[in-house]
Amino acid sequence: MTRRAREFRPFAPRARSTIIAIVVTFALILAASAAVSIWSTAKSRNRAAVVEIAGRQRTLAERYVTQLLLVRGGEQASPQRTGVLLTQSVNALLNGGTAPAVEGDDDDVMLERETDPRIRAEIVEQQKLIRDLLANGNAFLTRRTGKLPETAGERITTTDPLQRLRVLSALTSNVSLSAAREIAARTDRNVKQTITLQVALGAVGILVSVLLAWALVATTRRQTAHFRSLVSSSTDLVLVLAGDSCRYASTAVERLTGQTQSQLTGKGILRVIHEEDVERFQAAQRSGDVKELVFRMRNAAGEWRHLEAHLTDLRADRHVRGVVLNSRDITERVRLEQELTRQAQRDNFGSQLVEALEMADEEAAAFDVVRRAMVEIGEHTPMELLLSDSSRAHLDQTAVHPLAGAPSCPVESPYSCVAVRRGHAVVFETSEALNACPKLRDREHGPCSAVCVPISFMGRSLGVLHATGPDGVAPSKEQVAQLTTLATQAGARIGTVRAFEKTQLQAQTDGLTGLINRRTLETELRALLRDNRPFALALADLDHFKRLNDTHGHEEGDRSLRLFSHVLRQVLRDDDLVARWGGEEFLIALPDADAQAAVEVMDRIRAHLARTLDGGQVRFTASFGVSDSTAAASLQELIQLADIGLYLSKAAGRDRTSVGVWTDVREALGAGNGAKRAPAFHRAAAEDEPNDS
Amino acid sequence: MADTWEVRKPPLAACAVLLGLAFIAAALGSRAADATPKSPSVVRVVERDFHISLVHGRVTAGTVVFRVTNHGPDEHEFIVIHAERGLPLRPDGITLDEDALAKSIAGSIEPARAGETNTLRLSLKPGRYAVVCNMFGHYMGGMHAVLVVQ
């Protein structure tokens, strides 16, 4: 038969059926035993009566003969009555019925039919003898002689009637005694059998109850084992506390604390509970009202584990008599919560930083934010922000902790920095370690710990954020995380600002000469006009530039343009504006100057150019046309006037300065319509190049 | 070596002598026990209320084995009495006076229940024997028989 997997029911009262079985078995055995006792007692009582009657026959037989003699002697006696008693008694013994009472001796006795064949044979023999005895008795009384019956197998060896009677009486007596003895012996045997039966029943009862008790014990043990294994395999930490001491600690508690049951019970439990929690712990189990409790317990490794306990007050339960704590280890949850809190703080710092940096529209403002963030990260932690310049070859200290100062890393170039090379934050617990950055050694303030976080933007390294702390004390995770956040966000912002500034610069300036371009200058000039600020304009053009280009190459041409712009910047004031107007033309604006002053400035420029070119370079000259804001109302007309001046200078033989006037233009071009002046001039200017080459 | 021989001889001789003696003793013993060399006579006896039947009324002297079966229904004893003359009764006139017959009683079997068979082995000299049951009234009731040993 296959053993089916039984349902696991640790709470099922299986012992109950065993107890019922024990009780039922005992009841059955007791009932059987009682029945046997009653039956055998009843039988014995009956047997006693039988024995009594059987024994009485002997006396009656003797009494019969005595009465016969008395009657023969003329005395008063009733042998007939005795004969009837003998006959009735032997009949009752054989077939059951009433054995009559003998006068003065006893009462009627009810007898059962004799069933034992051996005893029956004896009683039958007795019956025959009594019949013979009575026949002989009658013959004796009547003095009758002759053949008398001998039905019981006897062959009496005398003929004397009295002797015959005595022999028959003796035989009856003997046979009665024999029957009585046989009946008694059988009763003894029955009693013996009953005793044996009772002993057997008792033995069976004891055996069965031992087996059932064993089953009960086994069931209870199994049930206990179920619970024990449930409790011991459970990761729940179970404590039973009563009166400030521990009465029970589950296997899980032993495993956690590495202490034995005996070490934990009593006051021993308090040794593994955090001293800050002991009072709460005791108060909770004393009051019984507290349902939940969080406390710390020291584990075998000496770490504090956070436990969350559910308290059940079972002090009234006589099986427990204490407060039961079902605890779970929630250390990981607590750690996670702490980590989340820290994360939130960091996120807060991060979002504030991002907002602050967004408001910084130039590098200086960004650096200011960085400085404030540094104080936020660590008030007393020296920090510095080292950024590379545009060449990306040098690292410059761009922001320093305003309170704690700079750790002053001697690193010079980005790629000398290990953090920059690795591309992630590097932490050194001590500068003295073999694998510490060599740039940390021999610092002014001696050995230190350090964090170096690389700063990059769009994958390009910008520099490093560097902080130092006390030697041997690694900066906290939070600090490293905050420094990383600062580096990331500052890098992003500074990178963006730099890119923006560069783009703006590129839009406003001329790539070759570094001067502002035409559109920028126009914006500036319109601003001057709007402000009604007087200014002079000068348009400059390099003479025979096409020929210079063709003769010496474009590179030489470019170099000449750069040299000329350099000369312009050298001579002009800081306030003056100069732009590359296109090709080899330059437009110069001199605020607060008139045309005459401008002519002088241009002449100085020509002189300075001539001096600069003294060094044997490819020589060239420039022609200038001048106008001022008093000559015209619109910017376009002012530029046209300067253009006319330039044309005049070219026409007059180049390398000179001329003031443009409207009449000159009309004379020179013969044009009568102002609207056509500009195209006319441009045609003339265009014609200049081929003519001069 | 001669010493050794001297030493060994007496025990060997003693063993031989002892063995011889034992043999003779055994032979004598068996002969003494079996004074009559023939197989014993067996007398089958049946007792019942109230007479005794002998299958063989005559046996040869020597060992006589009685096989007494009681057919009942009552208990009966079995007594073998060497009785050349009449047997004396007790004053009750009903039972034999066993005390007076003590010297003549060759052997007896205690009262046996119906169905039992008992064996009595006796060494009987030639003569006339009475076999009786002397329970109260049984002898006079007819339980006696005669056995002649020749």
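Just so it is clear, the structure is predicted and the values come from calculations on it, not from any experiment. (Residues numbered from 1 in each chain as written. Chains lettered and ligands numbered in written order. Predicted model: local features only at pLDDT ≥ 70, side-chain atom pairs only at ≥ 80, totals over all residues. Heavy atoms only, no water.)

Asker: Describe in detail the sheet that holds strand β9 (residues 144–149) of chain B, supporting the description with residues and values.
Answerer: Strands pair in a sheet through their backbones, by hydrogen bonds, and they do so in one of two ways: parallel or antiparallel. Residues and elements named next belong to chain B. On the basis of which strands lie adjacent, the open sheet formed by five strands has the order β3-β9-β8-β5-β6 and mixed pairing. With one partner strand each, in any of the chains shown, β3 (58–59) and β6 (105–112) form the two edges of the open sheet. Taken together, the six bridges between strand β8 (residues 127–132) and β9 define a ladder with antiparallel strand orientation. Residue Gly 127 lies in a different strand from β9, and its bridge partner there is Val 149. (Pairing = 2+ DSSP bridges. Helix = DSSP H or I, 4+ residues; strand = E, 2+ residues; numbered from the N terminus.)

Asker: Could you give an account of the interface of chain A and chain B, naming the residues involved and the relevant values?
Answerer: Across the boundary between the two partners, chain A contributes 24 residues, which contact 20 residues of chain B. For the pairing of chain A and chain B, the buried interface totals around 1,800 Å² over both sides, and the portion due to carbon and sulfur atoms is 49%. Of all residues in chain A, the largest losses of buried area upon contact with chain B belong to Arg118(A), Thr157(A) and Asn174(A), amounting jointly to 24% of the total for that side. Inspection of the chain A/chain B interface yields two salt bridges. Across the pair Arg113(B) and Glu182(A) runs a salt bridge, and its minimum N-O distance is 2.2 Å. Our count for the contact surface shared by chain A and chain B stands at ten residue pairs in polar contact (both at pLDDT 80 or more). For the side of chain A that touches chain B, the secondary-structure elements that each account for two or more residues are α3 (117–142) and α4 (161–233) of chain A. Looking at the side of chain A that touches chain B element by element, the count peaks at twelve residues for α4(A). Here the side of chain A that touches chain B is composed, by residue class, of eight nonpolar, seven polar and nine charged. (Contact = heavy atoms within 4.5 Å. Buried area = accessible area lost by both parts, 1.4 Å probe. Salt bridge = Lys/Arg side-chain N within 4 Å of Asp/Glu carboxyl O. Polar contact = N/O pair within 3.5 Å; in protein donor to acceptor, adjacent residues only side chain to side chain. Nonpolar A, V, L, I, M, F, W, Y, C, P; charged D, E, K, R; others polar.)

Asker: Describe the layout of surface pockets, with residues and values.
Answerer: Residue and element names in this part refer to chain A. Within this model, the largest pocket holds a volume of roughly 370 Å³. Forming the walls of the largest pocket are eleven residues, and the residues nearest its centre are Arg 392, Arg 460, Arg 498, Ala 499 and Lys 502. Mapped by element, the contributors of at least two residues to the lining of the largest pocket are β12 (460–470) and α11 (477–508). For the lining of the largest pocket, the element with the highest residue contribution is α11, accounting for four residues. (1 Å grid on protein atoms, 1.4 Å probe; cavity = no way out; pocket = protein on both sides within 12 Å on 5 of 7 lines; lining within 4 Å. Points joined across faces, edges and corners; volume = space filled by probe spheres on them.)

Asker: Explain the packing of aromatic side chains residue by residue, including any values.
Answerer: Residue and element names in this part refer to chain A. One pass over the structure, following the stated rule, counts four aromatic pairs over all chains. Geometrically, the ring pair formed by Phe 564 and Phe 624 is tilted, given 6.4 Å between the ring centres and 40° between the ring planes. Of this pair, Phe 564 sits in helix α14 (residues 554–571) while Phe 624 is found in strand β17 (residues 622–628), placing the two residues 60 residues apart along the sequence. An identical accessibility class is assigned to Phe 564 and Phe 624; each is buried. Taken together through their ring pairs, the aromatic side chains of Phe 564, Phe 586 and Phe 624 make up a single cluster. For the cation-ring pair, Arg 72 lies above Phe 140, with the distance from its terminal atom to the ring centre recorded as 4.0 Å. (Phe/Tyr/Trp six-rings, centres within 6.5 Å; stacked < 30°, edge-to-face > 60°. Buried < 20%, exposed > 50% of the residue type's maximum accessible area, 1.4 Å probe, protein only. Lys NZ or Arg CZ within 6 Å of the ring centre and 35° of its normal.)

Asker: Residues and numbers for the pattern of salt bridges, please.
Answerer: Residues and elements named next belong to chain A. Across all of its chains, the model carries 28 salt bridges over all chains by this definition. Linking Asp 277 and Arg 296 is a salt bridge whose minimum nitrogen-to-oxygen distance equals 3.1 Å. Linking Asp 277 in helix α7 (residues 275–287) with Arg 296 in strand β5 (residues 292–298), this pair joins segments that are 19 residues apart in sequence. Asp 277 sits in the buried class, given a relative accessible area of 4%.

Asker: For the packing of helix α8 (residues 331–359) of chain A against α11(A), give the residues involved together with the corresponding values.
Answerer: Residue and element names in this part refer to chain A. At a minimum axis distance of 10 Å, the contact between α8 and α11 shows a crossing angle of 25°. Relative to α11, the element α8 is oriented roughly parallel. Regarding α8 and α11, the two cross each other, and that crossing is right-handed. Side by side, α8 and α11 meet where Arg 342, Arg 346, Phe 349, Gly 350, Leu 353, Val 354, Leu 357 and Glu 358 of the first sit next to Glu 478, Ala 481, Gln 482, Thr 485, Leu 486, Gln 489, Ala 490 and Arg 493 of the second. Among the residues making up the contact of α8 with α11, the classes are represented as seven nonpolar, four polar and five charged. (Axes fitted to C-alpha atoms, helices over the stretch in contact; angles between N-to-C directions. Parallel < 35°, antiparallel > 145°, perpendicular 65-115°, else oblique. Left-handed = near helix turned anticlockwise from the far one by under 90°.)

Asker: Quick one: what's the story with empty space enclosed by the protein, residue by residue and with numbers?
Answerer: Residue and element names in this part refer to chain A. This model, assessed by the stated rule, comprises four cavities of 30 Å³ or more. Of the voids in this model, the largest cavity is the one considered here, and its volume is about 70 Å³. Lining the largest cavity, in full, are Cys 409, Val 411, Cys 417, Val 418, Cys 437, Lys 439, Cys 452, Val 464 and His 466. Residue classes in the lining of the largest cavity are distributed as seven nonpolar, one polar and one charged.

Asker: Describe the sheet that holds strand β11 (residues 448–457) of chain A, naming the residues involved and giving the relevant values.
Answerer: All names here are of chain A. What the five strands build is an open sheet, ordered β9-β8-β12-β11-β10; its pairing is antiparallel. The sheet is open, and its two edges are formed by β9 (395–400) and β10 (426–428), each paired on a single side. The average angle at which neighbouring strand axes cross in this sheet is 20°, direction not considered. Strands in contact with helix α9 (residues 363–377) are β8 (383–388), β9 and β12; relative to β9, the strand with the most contacts, it is inclined by about 60°. Contacting β8, β10, β11 and β12, α11 crosses the sheet at an angle of about 35° to β11.

Asker: Could you give an account of a nonpolar patch on the surface, naming the residues involved and the relevant values?
Answerer: Residue and element names in this part refer to chain A. There is a patch of nonpolar side chains on the surface, built from Ile 20, Val 24 and Leu 28 and spanning about 290 Å² of accessible area. One can find Val 24 in helix α1 (residues 14–72). A residue is classified by how much of its surface remains accessible, and Val 24, at 44% relative accessible area, is partly exposed. (Patch = residues over 30% accessible without salt bridge, like charges linked within 9 Å, V, L, I, M, F, W, Y side chains within 5 Å. Areas by Shrake-Rupley, 256 points an atom, 1.4 Å probe, with all protein chains shown as cover.)

Asker: Pulling in residues and values, what's your account of the nonpolar core?
Answerer: Counting residues in hydrophobic clusters, the biggest one holds 69 residues, and the most contacted among them are Leu111(A), Phe66(B), Phe78(B) and Leu147(B). Counting residues per element, this core draws most heavily on α1(A), which supplies nine residues. Of all hydrophobic cores here, the second largest spans 31 residues; its members include Phe545(A), Ala595(A), Met602(A) and Phe620(A). (Core = buried A, V, L, I, M, F, W, Y, C linked by side-chain atoms within 4.5 Å.)

Asker: Requested: an account of unusual backbone geometry, with residues and values cited.
Answerer: In this structure, Phe50(B) follows Asp49(B) across a cis peptide bond, with omega equal to -5°. If you trace the backbone, Phe50(B) turns up in the loop between β1 (41–48) and β2 (51–54). Despite not being glycine, Asn532(A) shows a phi value in the positive range, around 60°. One can find Asn532(A) in the loop between α12 (518–530) and β14 (535–542).

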